[in-house]
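Here is how the chains run, residue by residue.
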Amino acid sequence: MAAGIREKQTAALKRMLNFNVPPVKNSTGEPVWKVLIYDRFGQDIISPLLSVKELRDMGITLHLLLHSDRDAIPDVPAVYFVMPTEENIDRMCQDLRNQLYESYYLNFISAISRSKLEDIANAAIGANAVTQVAKVFDQYLNFITLEDDMFILCNQNKELVSYRAINRPDITDTEMETIMDTIVDSLFCFFVTLGAIPIIRCSRGTAAEMVAVKLDKKLRENLRDARNSLFTGDTLGAGQFSFQRPLLVLVDRNIDLATPLHHTWTYQALVHDVLDLHLNRVNLEESTGTENSPAGARPKKKTKKSYDLTASDKFWQKHKGSPFPEVAESVQQELESYRAQEDEVKRLKSIMGIEGEDEGAISMLSDNTAKLTSAVSSLPELLEKKRLIDLHTNVATAVLEHIKSRKLDVYFEYEEKIMSKSTLDKSLLDMISDPDAGTPEDKMRLFLIYYISSAQAPSEVDLEQYKKALTDAGCNLAPLSYIKQWKAFTKMASAPASYGNTTPKPLGLFSRVMNTGSQFVMEGVKNLVLKQQNLPVTRILDNLMEMKSNPETDDYRYFDPKMLRGSDSSVPRNKNPFQEAIVFVVGGGNYIEYQNLIDYIKGKQGKHVLYGCSEIFNAAQFIKQV
């Protein structure tokens, strides 16, 4: 697992695009030109990992959706990457009958059933195209990797495995089974790609437990079937030499409903919270400026721009977990260093235009030629730097507008105080009633966090007062009734989650910190510094990974799919701390938790942790589900 999941899934995709043969490094020959046909699921898996340029380098000249109108290209091989659904199989059979391509390499994202395979075989026989179907592969890639250490299950049809779907009061057993099977299928694919068999721990009496039981059974069955096991030999790659197996901690979203509603202060989580960040692509609306337009003129229309935040973006990789003030400062520094480099190139150019033939000029010229050559050779690098600076300037400016207009710094600080049970400097009613602070949704989030975090629910009289203030502020009270039921239910089950007892330290206002020439006018925004405190999910991981005894996790069930007989115990057989762990949240996750885990593991030498969830949502999407 030392190699991140992003690397492993990318390698699997590249092998698939190379007709399921590992690509040869340093081969100078032209790649075989081919067409890639995918469905929406395949598109979502490939797009965060491979750029169009990388696809072209692999020989992909065209990439098309399966259900689009495609013309026949009779002398080109086609690589298919699709889910084995009924309609996809029908369309593939139709392609065979229409003889669209020279040969067909069929790759299924998830395992295909015997009966569907027979449908394809019958179509191939009927179309006299048996020899053209070159390979059929189950790829076991049914999950989406967003970071080296983060994955989600699906993006298409995610409402089928959403928090609401799992927690609906009127859900039937068969519907629940279907949801659990979908989640387990993706987790199984994840471990096949990772090449490791985990030891599973989960809380009792939750959806996470149902996932654990099914996943244990599925891994066990696959290991039993020695001839077709996916966990032997070459598929394991480096995995087989790693004697330490990873720990999989399955937790249920219900253990912590406050964090998904929390306002945040780190860059990536803020972008996800206030902008439209989706599969590592952020969509911004940029107004083309309203200056110097005559009075009464139509406002200029907004242009939509999208930016990819990728693994190769060094600034993003370095700062996505930093507090926002730091990010603004770093963008400014990058910009200044870029300008200095640009000025140097300009200066050299002007020197190169030296007149006259005197010796001094000529020796200077030869000296500067070397400098200019190196400056020119670094131009592509400079241009790339400029593109990234522009990207982050635009994204950070958009985030800053939200922070200032909604006073998100105030919300973040206030919520941290509520969650850590510190004394509040302003009453909650004042915060809700303040017309200048935040949107109705911000106020609702704040109140729900207060309601979830308080050990004693507010009295009916107080609650009515809060409700009135929330209604006056234009809030929709629907989520409150759900959280009320949830709280009553969990009260019977367990004590409320605690969130540590530290609060962010304000470092004074920004205006002093930022130099005056900065692009970012930060006046009035608090410069809050985060202190590391473990959220409930991180605390649970810490207990289980370090084998600590703690009432919170002592009764977590223990599964080892490699043991011959499954035993229902919560006593771990392995007493050593784990080096590698995967935390998976059933019911959806968020970047706040992800960042908290990453910060936690940084302090642990040589340990790795991966964060996964059934879907990733921000507070606005989550509040609609409760």
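This text follows the structure it describes.
Residues numbered from 1 in each chain as written. Predicted model: local features only at pLDDT ≥ 70, side-chain atom pairs only at ≥ 80, totals over all residues. Heavy atoms only, no water.

The number of helices and strands found in the chain is 22 helices and 17 strands. Looking at the 626 residues of the chain, the share that counts as buried comes to 51%. The long-range share in the chain, meaning contacts at least 24 apart out of those at least 6 apart in sequence, stands at 78%. Accessible surface, the chain: about 30,100 Å² in total, of which carbon and sulfur atoms supply 53%. (Helix = DSSP H or I, 4+ residues; strand = E, 2+ residues; numbered from the N terminus. Buried < 20%, exposed > 50% of the residue type's maximum accessible area, 1.4 Å probe, protein only. Contact = heavy atoms within 4.5 Å. Areas by Shrake-Rupley, 256 points an atom, 1.4 Å probe, with all protein chains shown as cover.)

So, on to the packing of helix α9 (residues 267-274) against helix α13 (residues 379-406). Helix-helix packing is characterised by the crossing angle of the two axes and by the distance between the axes. Interaxial distance between α9 and α13 falls to 10 Å at its minimum, and their mutual angle equals 70 degrees. When the interaxial angle is binned, α9 and α13 end up roughly perpendicular. Between α9 and α13 lies a crossing whose hand is left-handed. Residues Tyr267, Leu270, Val271 and Val274 of α9 pack against His392, Val395, Ala396, Val399, His402, Ile403 and Arg406 of α13. (Axes fitted to C-alpha atoms, helices over the stretch in contact; angles between N-to-C directions. Parallel < 35°, antiparallel > 145°, perpendicular 65-115°, else oblique. Left-handed = near helix turned anticlockwise from the far one by under 90°.)

Another point: a negative patch on the surface. Together, Glu86, Glu87, Asp90 and Asp119 make up a region of like negative charge exposed at the surface. Looking at the secondary structure, you find Asp119 in helix α5 (residues 114-126). (Patch = residues over 30% accessible without salt bridge, like charges linked within 9 Å, V, L, I, M, F, W, Y side chains within 5 Å. Salt bridge = Lys/Arg side-chain N within 4 Å of Asp/Glu carboxyl O. Lys, Arg positive; Asp, Glu negative; His and termini not counted. Charge placed at Lys NZ, Arg CZ, Asp CG, Glu CD.)

Turning next to helix α21 (residues 591-602). With 12 residues, α21 ought to run about 16 Å at 1.5 Å a step, and its terminal C-alpha atoms sit 16 Å apart, in line with that. Counting buried positions along α21 gives 10 out of 12 residues, so the element sits mostly inside the fold. Of all the residues in α21, the buried ones are Tyr591, Ile592, Glu593, Tyr594, Gln595, Asn596, Leu597, Ile598, Tyr600 and Ile601. Capping the start of α21 is the job of one residue whose side-chain oxygen sits 3.1 Å from the backbone nitrogen of Ile592: Asn590. (Expected span 1.5 Å × (residues − 1). Polar contact = N/O pair within 3.5 Å; in protein donor to acceptor, adjacent residues only side chain to side chain.)

Once that is clear, we can look at empty space enclosed by the protein. Counted under the stated rule, the structure contains 2 cavities of 30 Å³ or more. Of the pockets and cavities examined, the largest cavity occupies roughly 80 Å³. Surrounding the largest cavity, 14 residues form its lining, Asp273, Asn590, Ile592, Asn618 and Ala619 being those nearest its centre. Listing elements by their share of the lining of the largest cavity, those giving two or more residues are α9 and α21. When residues of the lining of the largest cavity are assigned to their parent elements, the largest contribution, 3 residues, is made by α9. Space inside the second largest cavity adds up to approximately 60 Å³. As for the second largest cavity, its lining consists of Phe41, Asp44, Ile45, Ile109, Asn142, Phe143, Ile144, Leu153, Cys154, Asn155 and Gln156. (1 Å grid on protein atoms, 1.4 Å probe; cavity = no way out; pocket = protein on both sides within 12 Å on 5 of 7 lines; lining within 4 Å. Points joined across faces, edges and corners; volume = space filled by probe spheres on them.)

So, on to the sheet that holds strand β9 (residues 247-252). What the 7 strands build is an open sheet, ordered β6-β7-β17-β16-β9-β8-β15; its pairing is mixed. Of all strands in the sheet, those bounded by a partner on one side alone are β6 (144-147) and β15 (557-559). Here the strands of the sheet are splayed against their neighbours by 20 degrees on average, with no regard to which way each runs. Note: β9 against strand β16 (residues 580-586), 6 bridges, orientation parallel. Each residue of the ladder has a partner; that of Asp252, found in β16, is Val586. Packed on one face of the sheet, helix α7 (residues 173-194) meets β7 (150-152), β9, β16 and β17 (608-613) and runs near 165 degrees to β16. (Pairing = 2+ DSSP bridges.)

Before going further, it helps to examine the environment of Leu49. For Leu49, the position within the fold is in the loop between α2 (40-46) and α3 (52-57). C-alpha of Leu49 to C-alpha of Glu147: the two residues are 98 residues apart in sequence and 9.2 Å apart in space. With sequence-adjacent residues up to four places away left out, Leu49 is seen in contact with Arg6, Gln9, Thr10, Leu13, Glu54 and Thr145.

Under the defined criterion, the tally for this structure stands at 30 salt bridges. Of the charged contacts in the structure, one is a salt bridge between Asp542 and Lys548, with a shortest N-O distance of 2.5 Å. Members of the salt-bridge network, linked through shared partners, are Arg6, Glu147, Asp148 and Lys320.

This paragraph deals with the sheet that holds strand β3 (residues 73-82). The strands making up a sheet associate through backbone hydrogen bonding, with each pair oriented either parallel or antiparallel. The sheet built from 5 strands is open, its strands ordered β2-β1-β3-β4-β5 with parallel pairing. In this open sheet, the two strands that pair with only one neighbour each are β2 (60-65) and β5 (133-138). With direction set aside, neighbouring strand axes in the sheet form an average angle of 20 degrees. Across 5 bridges, strand β1 (residues 34-38) lies against β2 in parallel orientation. When the sheet's bridge partners are listed, Tyr38 is paired in β2 with Leu65. Across the sheet, helix α4 (residues 86-97) lies against β3, β4 (101-108) and β5, angled at about 165 degrees from β4, the strand it touches most.

A few words on the side chain of Arg201. Tracing the sequence through the fold places Arg201 in strand β8 (residues 199-202). Of the side chains with opposite charge, Asp554 comes closest to the buried, unpaired Arg201, at an N-O distance of 6.7 Å. One polar contact links the side chain of Arg201 to the main-chain carbonyl oxygen of Tyr556, over a distance of 3.2 Å.

Summed over the entire model, instances satisfying the criterion amount to 22 aromatic pairs. One aromatic cluster is present, formed by Phe143, Phe151, Phe190, Phe191 and Phe584 through successive ring pairs. A cation over an aromatic ring shows up here: Lys34 above the ring of Phe19, its NZ or CZ 5.0 Å from the ring centre. Sitting over the ring of Phe188, Lys218 keeps its end group 5.2 Å from the ring centre. (Phe/Tyr/Trp six-rings, centres within 6.5 Å; stacked < 30°, edge-to-face > 60°. Lys NZ or Arg CZ within 6 Å of the ring centre and 35° of its normal.)

So, on to the environment of Leu463. Within the element layout of this structure, Leu463 appears in helix α17 (residues 460-472). For Leu463, a relative accessible area of 2% puts it in the buried group. Sequence separation between Leu463 and Tyr451 is 12 residues, and the spatial gap between their C-alpha atoms is 9.7 Å. When sequence neighbours within four positions are dropped, the list of residues in contact with Leu463 reads Phe447, Tyr451, Pro458 and Lys484.

On the surface, Val376, Leu379 and Leu383 cluster together into a nonpolar patch covering about 270 Å² of accessible area. In this fold, Leu383 is placed in helix α13.

What follows covers the packing of helix α14 (residues 408-419) against helix α16 (residues 440-453). The N-to-C vectors of α14 and α16 enclose an angle of 10 degrees; their axes lie 9 Å apart at closest approach. When the axis of α14 is compared with that of α16, the two are roughly parallel. Contacts from Leu408, Tyr411, Tyr414, Glu415, Ile418 and Met419 in α14 reach Asp442, Lys443, Leu446, Ile449, Tyr450 and Ser453 in α16.

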